Amino acid sequence: MAISKLLNSSKEQNTAVEEIIKGLIKTKILDSIIIPKRTPEKNFIYQVIHKTEESLANTVAFAPILPVNTATLLAKLTKFTQSEEKVGVILKPCEMRAVVEMVKLKQINLENIYLLTVDCNGTFDIEYYSKENKKTELEQKLLNSFKEGTQIEDIRQACKLCNNMIPTSTSDIGIEIFGNDSGAIVLTAYSEKGEELLNSISGLEDYNTDNRQKNIEAIINNKIEIKENFLTNFQEEVSGVENLTKFFSKCINCHNCMSQCPICICQECFFESSTFDYESEQLLSWADRQGVLKMPTDTLLFQLGRMNHMITSCVACGMCSQACPVGIDVGSIFLLTAKNAQAVFDYEAGRSFEDEIPISTFREDELKDLGE
Ligand code: SF4
Ligand code: SF4
Ligand code: SF4
């Protein structure tokens with residue numbers, strides 16, 4: 001049963017969270033925390049492991065950008081050996097969903113890890129944000145949008161289509177603003193670890209979340225409608241080999257979309273193997289057969305192979321689109337195919353630690369319409 005408490009603070013939301021975290025580090029409830037921080041020049045924000053109260057200055061729990069999916073950073077920390085220290089991690093909901101999938105894929109070990117998920121109303125593309133002079137205004141616009149429950153025009157495409165923007169019971173603690181009176185922060189403990197943190201924070205007040213639940217339902221229903229409308233049109237746009245080829249026609253086969261995807265975890269990627277190092281004779285014979293050969297080759301095959309590997313675990317974070325140097329909206333096509341594929345198995349990536357990833361297990365009673 002989740003327990004919610006109101007954080008009674010008049011400070012700006014990022015500062016209010018920073019103070020709570022400082023308290024958790026000071027009292028050694030946590031040994032360290034991973035939380036986004038502004039660069040000293042305040043021109044960019046990236047994830048940092050903080051070990052001291054002092055280093056927590058200029059942290060941004062409700063960060064306006066998502067340079068890397070933090071689940072991949074957590075995998076670097078815990079994949080080979082579990083953490084011996086108590087480490088807190090601030091996550092956006094899409095990062096939390098990636099954590100769930102990566103735990104199942106044995107990439108993350110949650111021993112001694114405390115998952116703190118924030119409400120999220122979107123993030124800006126890193127290129128757009130880094131060029132923008134009015135960074136403080138962008139941050140403020142995001143924080144205001146929580147209070148008003150409004151959509152922001154210039155956020156990433158993945159965020160415009162995201163309807164999973166709040167913490168769920170997979171997190172230890174939710175840091176929640178949407179739908180609360182006057183942009184107040186509410187901390188919700190979803191697990192024993194969460195209760196441990198909540199009990200160690202002083203000055204919290206009891207809180208009734210009925211209003212939030214009511215307000216958030218309307219916001220989420222609106223996002224679902226936006227997503228469904230987009231996907232209906234988009235499906236038509238990309239259906240069939242011809243349309244799909246056109247969609248990926250600018251692809252330069254750099255594999256950035258793969259390297260930034262938290263779910264693409266193969267140690268040795270087939271598409272980076274020598275299978276695709278063709279002899280010149282082979283390339284010239286293909287060119288000969290068709291009179292022309294587009295280079296680099298196998299761009300569509302790469303995307304189809306990647307889809308085939310990981311769409312049942314795609315969490316729609318849109319890191320792939322953000323990483324694409326030629327502006328292909330890879331995330332939308334993965335969102336579309338993942339939604340369809342996951343529906344077949346009544347699976348939703350990141351929903352729960354208990355649901356088994358489809359295809360990783362064989363169930364005799366599934367896909368009977370394909371034949372027995
Ligand atoms: S995809 Fe959703 S959770 Fe992730 S940054 Fe965008 S709005 Fe936030
Ligand atoms: S395919 Fe794209 S949207 Fe899906 S998990 Fe990977 S990076 Fe995120
Ligand atoms: S990042 Fe873009 S250009 Fe590079 S492989 Fe992926 S889709 Fe192609």
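Look up a bit, the structure's there.
Quick summary incoming for the structure in this document.

Quick notes on the rules
Residues numbered from 1 in each chain as written. Chains lettered and ligands numbered in written order. Predicted model: local features only at pLDDT ≥ 70, side-chain atom pairs only at ≥ 80, totals over all residues. Heavy atoms only, no water. Salt bridge = Lys/Arg side-chain N within 4 Å of Asp/Glu carboxyl O. Buried < 20%, exposed > 50% of the residue type's maximum accessible area, 1.4 Å probe, protein only. Helix = DSSP H or I, 4+ residues; strand = E, 2+ residues; numbered from the N terminus. Expected span 1.5 Å × (residues − 1). Pairing = 2+ DSSP bridges. Right-handed = clockwise from strand over helix to strand, strands pointing away. Near = heavy atom within 4 Å. Nonpolar A, V, L, I, M, F, W, Y, C, P; charged D, E, K, R; others polar.

## Things to note about the pattern of salt bridges
Side-chain pairs of opposite charge can arise whenever the charged atoms involved come near each other.
Here's step 1: Using the criterion set out here, one finds 13 salt bridges in the structure.
Here's step 2: Residue K11 pairs with E19 through a salt bridge whose shortest N-O separation is 3.0 Å.
Here's step 3: Exposure remark for K11: the relative accessible area of 42% places this residue in the partly exposed category.
Here's step 4: Residue classification places E19 among the partly exposed positions, given a relative accessible area of 41%.
Here's step 5: What you see here is one network of salt bridges that share partners, running through D119, E176 and R212.

## Some points on helix 14 (residues 330–344)
Residues that lie three or four places apart on an α-helix share one face, since the helix turns once every 3.6 residues.
Here's step 1: Along its 15 residues, helix 14 runs 22 Å from first to last C-alpha, staying within 8% of the 21 Å computed at 1.5 Å per residue.
Here's step 2: Taken together, the buried positions of helix 14 are occupied by V330, G331, S332, I333, F334, L335, L336, A338, A341 and Q342.

## Quick word on the pairing of strand 5 (residues 113–118)
The side chains of a regular strand alternate between the sheet's two faces.
Here's step 1: In terms of burial, strand 5 is largely enclosed, as 6 of its 6 residues are buried.
Here's step 2: Here strand 5 shows no split at all, with I113, L115 and T117 on one side and Y114, L116 and V118 on the other all buried.
Here's step 3: In the sheet, strand 4 (residues 87–91) pairs with strand 5 via 5 bridges, with the strands oriented parallel. Paired with L91 across the bridge in strand 5 is T117.
Here's step 4: Handedness of the β-α-β unit built from strand 4, helix 3 (residues 93–104) and strand 5 comes out right-handed.
Here's step 5: Across 3 bridges, the pairing between strand 5 and strand 6 (residues 173–176) is parallel. Note on strand 6: the bridge partner recorded for V118 is I175.

## Focus: the site of ligand 2
Here's step 1: Around ligand 2 sit 13 residues, and of these C261, C314, C317, G318 and C320 come closest.
Here's step 2: When the residues that make up the shell around ligand 2 are grouped by side-chain class, the tally is 11 nonpolar, 1 polar and 1 charged.

## Here we look at the environment of T150
Here's step 1: Position of T150 among the secondary structure elements: in the loop between helix 5 (135–148) and helix 6 (157–160).
Here's step 2: Once the C-alpha coordinates of T150 and I219 are considered, the two residues, 69 residues apart in sequence, prove to be 8.0 Å apart.

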